[in-house]
Structures are given as C-alpha cells and as structure tokens.
Amino acid sequence: MDEISLRELFLIIRKRLWLIVLLTVVAVGASAVVSFYLLEPVYQTFTTLMVGKPKDYQSDNKLEYNDVLLNQKLVSTYGELVKSRKVADQVIANLNLDMSYETFSSKVSVNLVNNTEIIKIQVKDTDPELAQKIANETAQVFMESVKNIMMVENVQVIDEAQISLNPISPKPMLNMAIAGVLGLMIGVFLVFLLEYLDNTIKTPDDVAKHLGITIIGTIPQADK
C-alpha cells in the first residue's frame, strides 16, 4: 500500500481548497439564515414551590428529621401530580388556552431539586408572557390539587415566574460554529474522496507512481 506524505496531503487540500472554503461558508450562511429568520425564539421561565407533609401525618418533636425525609420522598409524587392531566386540563381551562394536553406537556417540565422539598416548574414557549402565565397558573392549580388529593396544607411559592427577555433558543452563534465545523469536515472529506476517485495522470511523477515506468524525457507544451 502506497504511503502518502504530509506534503502530498497538503498539496491535495491546497488543490481544492476553494471547495472546502465554499462548503464552510455555505454551511455557516445557511445556519445563520435558519437561526435568525426561520426559527422562532423560545423563552423559558420557572416557578419554585416548597411542599410539606400530608395533613394527617402525625409526628412528635423527636421525629423532625424523619419528617424531612418523608417530605423529600413525597416530592417525586408531587412532581408527577404537576404533570397530570387533571392539573393540565384545569390550567388550560383557566387560561382559556387553545392547546391539547400533549402540547401543554411539551411546554411544561418539572424538576425535583435533589435532597430538598423544592419543586421547580419550568415552562417554555415562543411567547414569554404566556410562559409566565402558564407557570404561575400551574403552580396555583397544583397547590389546590395537592391540598384536595393528598391533604397537604403547607405548600408555599418560593419564586413566582418572571417574564424572560432572553430566549434560550435558538443560539445563532453556537449553531453557526457547529455548522462551520461540519462544513469544514464535509469539505475535507469530499476533497480526499475526489482525489481518490481521480485516476487521471497529470504529472511525470504520476506516471512513475502509477505505471512504474521510468521517465526519460518530457515534451514541453509550446504556443501555437
């Protein structure tokens, strides 16, 4: 198998450098157009809640640590309740939203803060004001639901959702950087692929390399 030196690799790339540059520029330009003009900005806001133990749970002062552990275990249950259809349908009805439960679920997510009694409700939407309303209303509906279903009275809102002014996506600069790297890689791959498929003889060195024939002379190209 013939070995290719670094100099030959450099010459191969230099011969079709225009192709690499072209593909890189096209990839970056296309990513910029999509990021700035085609993709809608998505905003995210959140509200945090702290929940306590059920109302009928009895304990004495010696079991305060166990009470905390119980609350932490119940946080997972509360998180599932936030994402339930009962809560979602009530929020949709209260805000008079024209969306299905599936659409609502895709916008709302629940994060459980590890080893705490805190639930974070996050909402994403292309309208920052609507995201704020959904987050705060979801928190209120959840508080009512958890009181009725699990008899939990001590549910408190720590942070109310605020209107976010900075979108979380798209990220044009990051997208353009990724597109530039991909364009560069594809360009280099195509250059070496074209070189591999090109079996024509262009230089005296190609004759000696591919045909194994010693060059004894060359005829220069002359003007007419």
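See above for the structure.
This write-up is about the structure you can find in this document. None of the values given here were measured: they were computed from a predicted structure. (Residues numbered from 1 in each chain as written. Predicted model: local features only at pLDDT ≥ 70, side-chain atom pairs only at ≥ 80, totals over all residues. Heavy atoms only, no water.)

With that settled, the discussion passes to the pairing of strand β1 (residues 43-50). As paired elements, β1 and strand β3 (residues 118-125) share eight bridges and run antiparallel to each other. The partner of Tyr43 across the bridge, within β3, is Asp125. When β1 meets strand β4 (residues 156-159), the two strands line up antiparallel, connected through three bridges. For Thr48, the partnering residue across the bridge sits in β4 and is Asp159. (Pairing = 2+ DSSP bridges. Helix = DSSP H or I, 4+ residues; strand = E, 2+ residues; numbered from the N terminus.)

Next up on the list: unusual backbone geometry. Across the junction of Ser169 and Pro170, the peptide omega takes the value -5°, indicating a cis bond. On the secondary structure map, Pro170 appears in the loop between β4 and α7 (172-197). Positive phi, normally seen in glycine, also occurs at Asn96, with a value near 55°. With respect to the helices, strands and loops of the structure, Asn96 is situated in the loop between α4 (85-95) and α5 (101-107). A residue is classified by how much of its surface remains accessible, and Asn96, at 68% relative accessible area, is exposed. (Buried < 20%, exposed > 50% of the residue type's maximum accessible area, 1.4 Å probe, protein only.)

This next bit is on the packing of aromatic side chains. Applying the stated rule across the entire model yields zero aromatic pairs. The positively charged end of Arg85 is found above the aromatic ring belonging to Tyr101, 4.2 Å away from the centroid. The cationic tip of Lys120 hangs over the ring face of Phe46; the distance from NZ or CZ to the ring centre is 4.7 Å. (Phe/Tyr/Trp six-rings, centres within 6.5 Å; stacked < 30°, edge-to-face > 60°. Lys NZ or Arg CZ within 6 Å of the ring centre and 35° of its normal.)

Take the packing of helix α2 (residues 17-38) against α7 next. For any two helices packed against each other, one specifies the inter-axial angle together with the distance between the axes. As a packed pair, α2 and α7 sit with axes 7 Å apart at the nearest point and diverge in direction by 150°. With respect to each other, α2 and α7 are oriented roughly antiparallel. Note on packing geometry: the crossing formed by α2 with α7 is right-handed. Its residues placed into classes, the contact of α2 with α7 shows 16 nonpolar, seven polar and no charged. (Axes fitted to C-alpha atoms, helices over the stretch in contact; angles between N-to-C directions. Parallel < 35°, antiparallel > 145°, perpendicular 65-115°, else oblique. Left-handed = near helix turned anticlockwise from the far one by under 90°. Nonpolar A, V, L, I, M, F, W, Y, C, P; charged D, E, K, R; others polar.)

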